[in-house]
Amino acid sequence: MAKMMRHHLPEYLIEAAGLAIFMISAAFFTVLFEEYWVVSSPLARRFFEGIAIGLTALGLIYSPWGKQSGAHFNPAVTLTFWRLGKVHHIDFVFYVIFQFIGGYVGVVLFDLFAQKPFRSAQVNFIVTVPGKPGLLACFFSEMFISFILMLTILVATNIPKLARYTGLFAAIWIMLFITFEAPYSGMSMNPARSVATALPSGIWTAMWIYCIAPFAGMLLSVECYRLIRKDTSVICAKLHHLNPKRCIFKRCGYAPH
């Protein structure tokens, strides 16, 4: 166990750094478009935020770091690949721990440099809270977008002709979800992301939704994937694998360990 932890520490640190960068980006662009961008339409503001944050996700997935760790940056994604037998249980535990740490560090760092606009009523630490439609709509919205994102990842990464475009598909979904789904749940899909903003803000409203719905939606995508695919095996747990970076995942179908 100790040997594996030391050997895979770079991947754990990448997962932490990746989510930290994502949170800083999400905070920066939310402040920019909600506090300083002179656009009266909330839909238009969310559209531009979605493009910016989606491009951040795209850059992280195709970055050298993302190519090495697999670019999960989300405990629900890691759990899904663990459920599919592609992630060792030790890697699963430490991926999740470092994802939570990274998300929190990213929020705290941004708060240090942009306290007033980041804590404004409009931005409010970019916390994820249920929208006006209520808790039920929030839960099923989170579950649905998590299901769609993970099903897309599973299908794309396991079709060789589509695998290289997985990051692009994910970024497009993130952009669309921020634009159209955010009014229902705040668009999380990521327990580490929601906890990261709840800790410094003290706002834990309906946190159970953000800790359950993403897991439920992504695990449901596994069952759906098994129904629609004749070959239900998964090649690897990376979102982008056609690169020279090492792979730490179990029974990688792209290259021998």
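Residues numbered from 1 in each chain as written. Predicted model: local features only at pLDDT ≥ 70, side-chain atom pairs only at ≥ 80, totals over all residues. Heavy atoms only, no water.

A. Summary view of the UniProt feature "transmembrane region" (unreviewed entry) in the protein chain. With numbering aligned to this structure, UniProt lists the feature "transmembrane region" (unreviewed entry) at residues 12–33, 45–65, 92–114, 134–155, 162–182 and 202–222. Here residues 45–65 runs as 95% helix and 0% strand, with 30 Å between its end C-alpha atoms. Between the end C-alpha atoms of residues 202–222 there is a gap of 34 Å, over a span that is 76% helix and 0% strand. (UniProt positions renumbered as here; feature names shortened; annotations may be inferred. Helix = DSSP H or I, 4+ residues; strand = E, 2+ residues; numbered from the N terminus.)

B. Inspection of a nonpolar patch on the surface at higher detail. Nonpolar side chains collect at one region of the surface, where I24, V93, I97, I101, Y104, V105, L109, L112, F113, L199 and W204 lie side by side and expose about 1,000 Å² of accessible area between them. With eight residues, the top contributor of residues to the nonpolar patch is helix α5 (residues 89–113). Locating I101 in the fold gives a position in helix α5. The partly exposed category is assigned to I101, whose relative accessible area is 42%. (Patch = residues over 30% accessible without salt bridge, like charges linked within 9 Å, V, L, I, M, F, W, Y side chains within 5 Å. Areas by Shrake-Rupley, 256 points an atom, 1.4 Å probe, with all protein chains shown as cover. Salt bridge = Lys/Arg side-chain N within 4 Å of Asp/Glu carboxyl O. Buried < 20%, exposed > 50% of the residue type's maximum accessible area, 1.4 Å probe, protein only.)

C. Up close: the packing of aromatic side chains. Under the definition given, this model contains 16 aromatic pairs. Between the aromatic rings of Y12 and Y95, the centroid separation amounts to 5.9 Å while the plane-to-plane angle is 85 degrees, which identifies the pairing as edge-to-face. Pair noted here: Y12 is in helix α1 (residues 2–36) and Y95 is in helix α5, with a separation of 83 residues, a long-range link. Note on accessibility: Y12 and Y95 belong to one class, buried. Through a chain of ring-to-ring contacts, the aromatic side chains of F28, F29, F33, W37, F47 and F48 assemble into a single cluster. (Phe/Tyr/Trp six-rings, centres within 6.5 Å; stacked < 30°, edge-to-face > 60°.)

D. The arrangement of empty space enclosed by the protein in detail. Within the structure shown, the criterion is met by one cavity of 30 Å³ or more. When its volume is computed, the largest cavity comes out at roughly 60 Å³. Looking at the largest cavity, the residues that line it are T157, N158, A163, I235, C236, K238, L239, H240, H241, L242 and Y254. The residue makeup of the lining of the largest cavity, split by class, is six nonpolar, four polar and one charged. (1 Å grid on protein atoms, 1.4 Å probe; cavity = no way out; pocket = protein on both sides within 12 Å on 5 of 7 lines; lining within 4 Å. Points joined across faces, edges and corners; volume = space filled by probe spheres on them. Nonpolar A, V, L, I, M, F, W, Y, C, P; charged D, E, K, R; others polar.)

E. View of unusual backbone geometry. Of note in the backbone geometry, N124 takes a positive phi value of approximately 50 degrees without being a glycine. Turning to its location among the elements, N124 is positioned in the loop between α6 (115–118) and α7 (135–157). Relative accessible area serves as the criterion here: at 27%, N124 is assigned to the partly exposed category. One non-glycine residue, F125, lies in the positive phi region at around 65 degrees. Mapped onto the secondary structure, F125 falls in the loop between α6 and α7.

F. Focus on the environment of E11. The topology assignment puts E11 in helix α1. When its relative accessible area of 0% is taken as the criterion, E11 is described as buried. Separated by 188 residues in sequence, E11 and L199 place their C-alpha atoms 25 Å apart. Those residues in contact with E11 that lie beyond four places of it in its chain are Q68, S69, Y95, R246 and I248. (Contact = heavy atoms within 4.5 Å.)

G. Spotlight on the packing of helix α4 (residues 75–83) against α5. Where α4 meets α5, the axes come as close as 9 Å, and the angle between the chain directions of the two elements is 175 degrees. Compared by their axis directions, α4 and α5 come out roughly antiparallel. Between α4 and α5, the residues in contact are P75, T78, L79 and W82 and H89, F92, Y95, V96, Q99 and F100, respectively. The residue inventory of the contact of α4 with α5, partitioned by class, reads seven nonpolar, three polar and no charged. (Axes fitted to C-alpha atoms, helices over the stretch in contact; angles between N-to-C directions. Parallel < 35°, antiparallel > 145°, perpendicular 65-115°, else oblique.)

H. Broad picture of the environment of V155. Here V155 lies in helix α7. The spatial distance from the C-alpha of V155 to the C-alpha of R229 is 8.4 Å, given a sequence separation of 74 residues. Beyond its immediate sequence surroundings of up to four residues, V155 is in contact with Y225 and I228.

I. Region of interest: the pattern of salt bridges. Counting across every chain of the model gives five salt bridges. Residues R246 and E11 are paired through a salt bridge, measuring 2.7 Å at the closest nitrogen-oxygen approach. With R246 in the segment after α12 (207–228) and E11 in helix α1, this pair connects stretches of sequence that are 235 residues apart. Between D111 and R119 there is a salt bridge; the shortest N-O distance is 2.8 Å. Among the charged side chains, a salt-bridge network with shared partners connects R83, E223 and R226.

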